[in-house]
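Breakdown of the fold
Residues per chain, in single letters:
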Amino acid sequence: MPLLGLLPRRAWAALLSQLLRPPCASCTGAVRCQSQVAEAVLTSQLKAHQEKPNFIIKIPKGTRDLSPQHMVVREKILDLVISCFKRHGAKGMDTPAFELKETLTEKYGEDSGLMYDLKDQGGELLSLRYDLTYPSSLTDLCEVPFARYLAMNKVKKMKRYHVGKVWRRESPSIVQGRYREFCQCDFDIAGQFDPMIPDAECLKIMCEILSGLQLGDFLIKVNDRRIVDGMFAACGVPESKFRAICSSIDKLDKMAWKDVRHEMVAKKGLAPEVADRIGDYVQCHGGVSLVEQMFQDPRLSQNKQALEGLEDLKLLFEYLNLFGIAEKISFDLSLARGLDYYTGVIYEAVLLQTPTQAGEEPLNVGSVAAGGRYDGLVGMFDPKGHKVPCVGLSIGVERIFYIVEQRMKTKGEKVRTTETQVFVATPQKNFLQERLKLITELWDAGIKAEMLYKNNPKLLTQLHYCESTGIPLVVIIGEQELKEGIIKIRSVASREEVAIKRENLVAEIQKRLSES
């Protein structure tokens, strides 16, 4: 009998029509059963024939799978970052992966188009958390869930950290460590405190993390939104164009000044002489001496907002000196941000170089951490408009992951993907029960242990597994060991074996692990 899938279409149709004809009363039950089975088979054959055969298994654009090797690297980086946050007294917290769409879109103007909207479920319009990446545009919607949390729970003071995935609907740049789905790490201090003390601590945390990760030399650019707005006003920028021009200035880390000037004049309608005055400022950068110089500037010294910002930056540099990190900080007048909620100091960390091998091109991933002060955001969510001053930072862990992974790939470094300390082995058959007793004893003592899931594995296979996975110790039990009440401990690296009493096994292994 030919396969159903190979029957011509006319034969299928004829057979189906015969099977579906009304049966006689005497054989109704039997035929009905056979008819239903045949109908189901033929329908599935037709459906399979009509479906597209060339289905491609892939992940969505701008996302990635994380192998066990990747996860080891990421966990080490996140452990370092989180331990720094905890060292500074932060509490961990989390918020939903999605928020009410109106909570996000009403605050962010043009950037709201980068959010992933969810289909209406239960009468609520929702959007995924959008961009926790300060380094890309400093549009950090992790601040929105945090601000909403503070307002909703009437929290006036809090120091917290938040690690989680976010989603951004734009063209990804994989070569720069930018994805549509990525992980972000945030640290924020909420509450009314004396000026610049929390801000200085945020910069100190940035320095500690970037130094600990050993990514290479770095610099943290600092400015103040009040200085930016004061500069625009002093240069003659109409107030209605402040945010548009700010958005252009923010591109100076990616574009030359002449291209930014062209955008401001040709596309945003700014007078050429006003653009030239801005150019005199945004190409200035330095330390506290530049802050002092700006106090004497004929334009900025006449602007109240700019003077307030300069006073705070002067105080900030005093604290940075006491923290011992002033040489890592640069007052940079080109640092500007496009969002409305930043009210004071803003900062952004960039790598001056990445570790490279001879003849290798350095990696260009942009900034790796950033933050700022946002004193008005909580008030937007509070029904009575009560404000809670906040300052925070975000670590661009996705870009850092990319740098570290590329460096390890270049050096050919191997990553051990498990933390197994001991492998339980046997050279003989029918010793599964003894191995299970032995590994249970190790697990119950808190020792990380493994064994092969076979009744009678070969000893060579077991030892090769230990060498390939980096397990340092092997405990071996066989007929002779069982008879004498001993266990053999083998060092995988040196291949030396010693016999110890069975009852001393856990203590001996713990001793060896503590010494390694």
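In short, a report on the structure. It should be emphasised that the depicted structure is a prediction, and the values quoted were computed from it without experimental measurement. (Residues numbered from 1 in each chain as written. Predicted model: local features only at pLDDT ≥ 70, side-chain atom pairs only at ≥ 80, totals over all residues. Heavy atoms only, no water.)

Some thoughts on the sheet that holds strand β13 (residues 422-425)
Strand order across the open sheet formed by five strands is β14-β13-β15-β16-β17, with mixed pairing between neighbours. Looking along the sheet, the strands with just one partner apiece sit at the ends: β14 (449-450) and β17 (497-501). Sheet contacts for helix α17 (residues 459-469): β13, β14, β15 (473-476) and β16 (486-491); angle to β13, the most-contacted strand, approximately 175°. (Pairing = 2+ DSSP bridges. Helix = DSSP H or I, 4+ residues; strand = E, 2+ residues; numbered from the N terminus. Contact = heavy atoms within 4.5 Å. Axes fitted to C-alpha atoms, helices over the stretch in contact; angles between N-to-C directions.)

Some points on the pairing of strand β6 (residues 181-190)
Most of β6 sits out of view: nine of its ten residues are buried. Strand direction decides the pairing type here: strand β5 (residues 158-167) and β6, joined by ten bridges, are antiparallel. If you follow V166 over to β6, its bridge partner there is F182. (Buried < 20%, exposed > 50% of the residue type's maximum accessible area, 1.4 Å probe, protein only.)

What about unusual backbone geometry?
As a rule of thumb, non-glycine residues mostly have phi less than zero, and peptide bonds are mostly trans rather than cis. With a phi close to 55°, K154 is a non-glycine residue in the positive phi region. Of note, K154 is situated in the loop between α6 (143-153) and β5. Residue classification places K154 among the exposed residues on the basis of a relative accessible area of 65%. The phi torsion at N430 lies on the positive side, around 60°, for a residue other than glycine. Mapped onto the fold, N430 is located in the loop between β13 and α16 (432-444). Judged by relative accessible area, which is 71%, N430 ranks as exposed.

Points about the packing of aromatic side chains
For any two aromatic rings, the description comes down to two numbers: the centre-to-centre distance and the angle of the planes. All chains considered together, the criterion is met by five aromatic pairs. Relative to F187, the ring of F85 lies with its centre 5.5 Å away and its plane at 35°, an arrangement referred to as tilted. Here F187 lies in strand β6 and F85 lies in helix α3 (residues 68-87), a separation of 102 residues in the sequence. Judged by its relative accessible area of 0%, F85 is buried. The exposure class of F187 is buried, given its relative accessible area of 0%. Grouping aromatic residues by their ring pairs yields a cluster made of F85, Y161 and F187. Positioned over the ring face of F146 is R160, at 4.1 Å from the centre of the ring. Over the aromatic face of F218 sits the side chain of K328, whose NZ or CZ is 4.5 Å from the ring centroid. (Phe/Tyr/Trp six-rings, centres within 6.5 Å; stacked < 30°, edge-to-face > 60°. Lys NZ or Arg CZ within 6 Å of the ring centre and 35° of its normal.)

Some points on helix α12 (residues 288-295)
Along α12, the residues classified as buried are L290, V291, M294 and F295. In a view along the axis of α12, the buried residues occupy a sector of 155°, so they form one face of it. Those residues of α12 that are buried are in contact with α11 (272-282), β8 (285-286), α13 (304-323) and β9 (329-332). (Arc of directions from axis to C-beta.)

What to know about the nonpolar core
Counting 79 residues, the largest nonpolar core has F85, I249 and I278 as its most contacted members. If you tally residues by element for this core, the top one is helix α7 (residues 197-213), at nine residues. Once residues within four sequence positions are removed from consideration, F85 is found in contact with A90, Y161, C185, D186, F187, I205, I209, L393 and I395. (Core = buried A, V, L, I, M, F, W, Y, C linked by side-chain atoms within 4.5 Å.)

A short note on the pairing of β16
By the criterion of burial, β16 is predominantly enclosed, with five of the six residues buried. Two elements, β15 and β16, share four bridges in a ladder whose sense is antiparallel. Bridging from a neighbouring strand, V474 pairs with R490 of β16. Sheet analysis places β16 next to β17, joined by five bridges and oriented antiparallel. If you follow I487 over to β17, its bridge partner there is I500. Taken together, β16 and the strand that follows it, β17, pair antiparallel across an intervening segment of five residues, in which R495 is found at a positive phi of about 65°.

Comments concerning the pattern of salt bridges
Enumeration according to the criterion identifies 25 salt bridges in this entry. Of the charged contacts in the structure, one is a salt bridge between K437 and E434, with a shortest N-O distance of 3.6 Å. You can see K437 and its partner E434 sitting in helix α16, three residues apart, about one turn around the helix. In this structure, E497 and R490 form a salt bridge, with 3.0 Å as the shortest nitrogen-oxygen distance. The exposure class of E497 is partly exposed, given its relative accessible area of 39%. Salt bridges sharing common partners tie together R87, K204 and E208. (Salt bridge = Lys/Arg side-chain N within 4 Å of Asp/Glu carboxyl O.)

Structural notes on the sheet that holds strand β7 (residues 218-224)
Spatially, nine strands are ordered β1-β5-β6-β12-β11-β10-β7-β9-β8 in an open sheet, and the strand pairing comes out mixed. At either margin of the open sheet sits one strand with a lone partner, and together these are β1 (91-92) and β8. Of the pairings in the sheet, the one linking strand β11 (residues 367-373) to strand β12 (residues 390-395) comprises five bridges and is antiparallel in character. Across the sheet, residue G371 finds its bridge partner in β12, namely L393. Helix α8 (residues 225-235) contacts β7, β9 and β10 (345-351) of the sheet and is inclined by roughly 60° relative to β7.

Overview of the packing of helix α9 (residues 242-249) against helix α10 (residues 257-267)
Here α9 crosses α10 at 160°, and the two axes come no closer than 9 Å. Classified by the angle their axes make, α9 and α10 are roughly antiparallel. In the packing of α9 onto α10, the handedness of the crossing is right-handed. Taking contact as the criterion, the partners of I245, S248 and I249 in α9 are, on α10, W257, V260, E263 and M264. For the contact of α9 with α10, the class distribution of residues is five nonpolar, one polar and one charged. (Parallel < 35°, antiparallel > 145°, perpendicular 65-115°, else oblique. Left-handed = near helix turned anticlockwise from the far one by under 90°. Nonpolar A, V, L, I, M, F, W, Y, C, P; charged D, E, K, R; others polar.)

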